[in-house]
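Structure assessment
Here is how the chains run, residue by residue.
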Amino acid sequence: MTIEPAIALAMRDIAKRYGATCALRSAELTLRAGRVHALLGENGAGKSTLVKIIVGAVKPDSGSVALSGKPVAFRSVAEAIAAGIVPIYQHLSLFPELSVLDNLSAFQLVAGRAGLSRKALVPRGEAKTWLARVGLDLDLDRAVSSLSLGERQLLEIARGVGRNCRILVLDEPTAALNGAEADRLFAVVRDLCAGGTAVLFISHKFDEIERLADEVTVLRDGATVIDAATIGRHDRATLVKAMLGMQVEHEHRSGSARTEPVLTTANVRMATGHSLDLSVSAGEIVGLAGLVGSGALAIAATLAGAAPGQGEIAVGEQSFALGDRRAAVRLGVAYVPADRHAEGLFPPVSAIGNASASALGRFSARGLLGKARERNAIEPLLRRLHLHPARPDAEAASFSGGNQQKLLIARCLALPNLRALVLLEPTRGVDVAARAMIHRAVIDMARTGVAVLVASSDLDELTALCDRYLVVRDGSIAQDLPSDSSTETIMAALAGKAAA
Ligand SMILES: Nc1ncnc2c1ncn2[C@@H]1O[C@H](COP(=O)(O)OP(=O)(O)OP(=O)(O)O)[C@@H](O)[C@H]1O
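The paragraphs below set out a description of the structure included in this document. Please read all numbers here as calculations on a predicted model, not as lab measurements.

Regarding the site of the ligand
Taken together, 18 residues lie around the ligand, and Tyr-18, Ala-23, Asn-43, Ser-48 and Ser-400 are the ones closest in. The set of elements that each furnish at least two residues to the shell around the ligand consists of β2 (21-32), α1 (47-54) and α15 (401-414). When grouped by side-chain class, the residues that make up the shell around the ligand number five nonpolar, 12 polar and one charged. Looking at the shell around the ligand, you find at least three residues from each of domain 1 (7-244) and domain 2 (261-494).

Re the nonpolar core
Ranked by size, the top nonpolar core spans 147 residues in total, and within it Ala-300 and Val-452 carry the most contacts. For this core, the leading source of residues is helix α16 (residues 432-447), giving nine residues. The residues that make up this core include at least three from each of domain 1 (7-244) and domain 2 (261-494). Ignoring sequence-local partners within four residues, the contact set of Ala-300 consists of Leu-288, Val-422, Leu-424, Leu-453 and Ala-455.

With respect to the pairing of strand β22 (residues 468-473)
In this structure, strand β14 (residues 285-289) lies alongside β22, joined through four bridges in parallel fashion. Bridge assignment links Ala-289 to a residue of β22, and that residue is Val-471. Bridge count between β22 and strand β23 (residues 476-482): six bridges; the pairing is antiparallel. Opposite Val-471, over in β23, you have Gln-479 as the bridge partner. Here β22 folds back onto β23, and the loop between the two strands holds two residues, one of which, Asp-474, carries a positive phi near 50°.

Some details on the environment of Val-225
Tracing the chain through its elements places Val-225 in strand β10 (residues 223-230). The class for Val-225 is partly exposed, based on 17 C-beta atoms found within 10 Å. Along the sequence, Val-225 and Glu-28 sit 197 residues apart, while their C-alpha atoms lie 9.0 Å from each other. Not counting residues up to four positions away in its chain, the partners in contact with Val-225 are Val-218, Arg-220 and Ala-242.

Quick look at unusual backbone geometry
Cis geometry marks the peptide bond from His-388 to Pro-389, where omega comes out at -5°. For Pro-389, the location among the structural elements is in the loop between α14 (371-384) and α15. Located in the positive-phi region is His-386, a residue other than glycine, with phi close to 55°. With respect to the secondary-structure elements, His-386 resides in the loop between α14 and α15. The exposure class of His-386 is partly exposed, given the 16 C-beta atoms found within 10 Å. The backbone of Glu-425 shows a phi angle near 40°, a positive value even though the residue is not glycine. In this fold, Glu-425 is placed in the loop between β20 (420-424) and α16.

Quick notes on the sheet that holds strand β21 (residues 451-456)
Taken together, the six strands give an open sheet; going across it, the order is β17-β20-β21-β14-β22-β23, and neighbouring strands pair in mixed fashion. Every interior strand has two partners, whereas the edge strands, β17 (333-336) and β23, have only one. Each adjacent strand pair in this sheet contributes to an overall mean axis angle of 20°, direction not counted.

Thoughts on the packing of α15 against α16
Contact pair α15 / α16: the axes reach a minimum separation of 11 Å and the direction vectors enclose 10°. Compared by their axis directions, α15 and α16 come out roughly parallel. Across the interface between the two elements, Gly-402, Lys-406, Ile-409 and Leu-413 from α15 touch Ala-434, Ile-438 and Ala-441 from α16. When the residues that make up the contact of α15 with α16 are grouped by side-chain class, the tally is five nonpolar, one polar and one charged.

Observations concerning α14
Between the first and last C-alpha of α14 there are 20 Å, a value that for 14 residues agrees with the 20 Å anticipated at 1.5 Å per step. For α14, the full list of buried residues reads Glu-374, Ile-378, Leu-381 and Leu-382. With its phi angle positive at about 55°, His-386 sits one or two positions after the end of α14.

Thoughts on α1
The element α1 is extensively covered by neighbouring structure, given that seven of its eight residues are classed as buried. Among all positions in α1, only Lys-47, Ser-48, Thr-49, Leu-50, Val-51, Ile-53 and Ile-54 are buried. Just past α1, the residue Gly-56 takes up positive phi, approximately 80°.

Analysis parameters
Residues numbered from 1 in each chain as written. Predicted model: local features only at pLDDT ≥ 70, side-chain atom pairs only at ≥ 80, totals over all residues. Near = placed C-beta within 6 Å. Helix = DSSP H or I, 4+ residues; strand = E, 2+ residues; numbered from the N terminus. Nonpolar A, V, L, I, M, F, W, Y, C, P; charged D, E, K, R; others polar. Domains from an automatic or database assignment. Core = buried A, V, L, I, M, F, W, Y, C linked by C-beta atoms within 7 Å. Buried ≥ 20, exposed ≤ 12 C-beta atoms within 10 Å, placed from the backbone. Contact = placed C-beta atoms within 7 Å. Pairing = 2+ DSSP bridges. Axes fitted to C-alpha atoms, helices over the stretch in contact; angles between N-to-C directions. Parallel < 35°, antiparallel > 145°, perpendicular 65-115°, else oblique. Expected span 1.5 Å × (residues − 1).

Here it is, written out as structure tokens:
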């Protein structure tokens, strides 16, 4: 008989409403010491709300939370941190202008143990031990802004586990990491588990979940539908069905004949100093494949008029100057940026308002916005992308991350005279169903003759969509690979090696 490890966290019958929206109805979660527990659910299922309750940022309306068997009701994040709960979010919470040591000491300040003085700092020797635990050897006085994303993520973990870390919460931790950084993160997580930490791991990527997690809980519409099942007990199709209540059809690109060029560079020199020479034809989907930091995203942004530089981008017979995003929109170039929080989304504006933002001229007459025309055009797009909840008048800030992404995709679909579509990490943080819907919408657009350029660090996404791949290394296009290139060939090209 095997003995189950102790229960580190038990959440029972949790409910939470935000006004008219029921974020959680009857959520259950059981984390065990030394185990990695994956939390799965479609966008808007309530995962982040459950995490906010665990870390003391939100109070549940009803239900119970117990930490190692003792009931708790945290009144603040500081209380949860003091109790050994460490959250690591997609959006890192480090202070980039401060040093490694200052950042490692931040929880001391949050927990209110010390004032804002040198005394509040973690002793240097101890700080080094914390870093060593996650495999980092950094100068403690170095500014965090000079660290790579992977180093920053590990630094956050070092800060959390330096204290007593009973529960580590990882919310899509690999979204911005390259393969080697993700491997290192997973090794650190495994190490922590061996020391008895319970880990809650939120991810939309099944291969990562299968690699790292021991157990899985699935949330659907705010309720637990699979409760702490051992990984491997359910296959992927069953988990997806539990998440969505339906199967997902994956769309794959069939390959299209290339016709006339639509989006073409003319004497372009990017702000990085690299020259750029590429062309996307009508109906073609071109993938910009690059490791994190390769410069693929900057190239895509340049083609959309969203990055500065010298030269012009031709859209058919007309052209716009680099960095002139307004002119690009006028010529029918739609754009989804990689960081929807920093650029793109207008959080206080309604879902409809966000989706129509690039197409206001289409709904206006004599300077007045025709609200009914706007609604009639936008609502079907939001329905097609399954915006959840289906409340087009709610402000964008109230939607979950994946649903905010759908608003940016709808904005592209709404653009009049759409000729080219430039997408950066289009399905980052998006669940499997929304991902399939976004892919279908992109393929449909290409079929109508739109030229599509997609930059993504997700190779599966590129191979599902693209007619050819431009491999980016060190800020410029290093190789042009045809649609039948294998994943191995593309990966080898990304790393700068010839395929075996
Ligand atoms: N502050 C808020 N105000 C209003 N509604 C909210 C708020 N926060 C969350 N919601 C709603 O609660 C529901 C659950 O959202 P939550 O962010 O927990 O989902 P999620 O599973 O984490 O989604 P994602 O995978 O997209 O991040 C959604 O319908 C969301 O729109």
